[in-house]
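Commentary on secondary and tertiary structure
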Amino acid sequence: MTSRWANEKKAVVDTAMELAAAGLVSGSSGNVSVRLPGPQELFAITPLGKPLSGLGIDDIVVADFDIEPVEGELTPSSETLLHVSAYRSRPDVGAVIHTHSLYASVAAVAGLEIPPLIDEMVMTIGGPIRLSRYAFPGTQVLADNVLEALGDRNAALIRNHGAVGVGRDLREALDVCSLVERAAQIYLQASLLGKVNVLPIEVIETQMELFRMRRKAEDTS
Ligand SMILES: [Zn+2]
């Protein structure tokens, strides 16, 4: 029987493949979810323990916000609590991606937050990329700590672990995760050169204003 969420599940599969192809995840690490349309609070998420590069539509799990399964045979991702917490606390979030991308992970291990370095970062992420406090993987404490670091922005680093990116849709969340990795790489390599010039404060303020205006326009559209 065809799933009523076949299109959304296919989009999760395609995004997972793109993430893997871009090298933002390795092995069965990383996970992707999308909020499903409709009155019920549901989401579709990648399963536990399967490489993102080789998923099929039937591997994608649909669950409600209490993580009760609605469709699919497999167990949802080990970081499902993080995804659900993002949907619960941020009505603007339509998709969540968690990566273990290399340079973001280096920053998360080194205890670094990534300041606004490049113009697109503020416009896309909404400010600096903050670093969460440490918590054990897969726990509600991890989810709470990451949501605290995320605030109203679109990305955060997960201490000693990786990164998370959110967006209105999967495309935006994927773009955010790619940019997090790029910003982390630029930051760490500039640090090695001994010279990191953050954007001027007035530029950051103007770009923050544009980020907020864009989000507000989307909220009311
Ligand atoms: Zn992880």
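Higher on the page you've got the structure.
Here we summarise the structure given alongside this text. (Residues numbered from 1 in each chain as written. Predicted model: local features only at pLDDT ≥ 70, side-chain atom pairs only at ≥ 80, totals over all residues. Heavy atoms only, no water.)

The subject of this paragraph is the sheet that holds strand S3 (residues 61-64). The mixed open sheet is built from eight strands, whose spatial order is S4-S3-S2-S1-S5-S8-S7-S6. The sheet is open, and its two edges are formed by strand S4 (69-71) and strand S6 (130-131), each paired on a single side. One ladder, built from two bridges, connects S3 with S4; its direction is antiparallel. Considered in S4, the bridge of Val62 is made with Glu71. Strands strand S1 (31-35), strand S5 (95-99), strand S7 (155-158) and strand S8 (162-167) of the sheet are contacted by helix H6 (residues 170-192), whose axis makes an angle of about 145 degrees with S8. (Pairing = 2+ DSSP bridges. Helix = DSSP H or I, 4+ residues; strand = E, 2+ residues; numbered from the N terminus. Contact = heavy atoms within 4.5 Å. Axes fitted to C-alpha atoms, helices over the stretch in contact; angles between N-to-C directions.)

Now for the coordination of the zinc ion. Protein ligation of the zinc ion involves His98 (NE2), His100 (NE2) and His161 (NE2), the donor distances falling in the range 2.0 to 2.1 Å. Read from N- to C-terminus, the donor residues coordinating the zinc ion fall into the pattern H-x1-H-x60-H. What makes His100 partly exposed here is its relative accessible area of 29%. (Donors = N, O, S within 2.8 Å, 3.2 Å for Na, K, Ca; no water. Buried < 20%, exposed > 50% of the residue type's maximum accessible area, 1.4 Å probe, protein only.)

What follows concerns the side chain of Thr80. Here Thr80 shows up in helix H2 (residues 80-89). With sequence-adjacent residues up to four places away left out, Thr80 is seen in contact with Phe43, Ile45 and Ile67.

For helix H5 (residues 140-150), the set of buried residues is Leu142, Ala143, Asn145, Val146, Leu147, Ala149 and Leu150. Turning to H5, the residues buried within the fold contact H2, S6, S7 and S8. Of the residues flanking the end of H5, it is Gly151, one or two places downstream, whose phi is positive at about 55 degrees.

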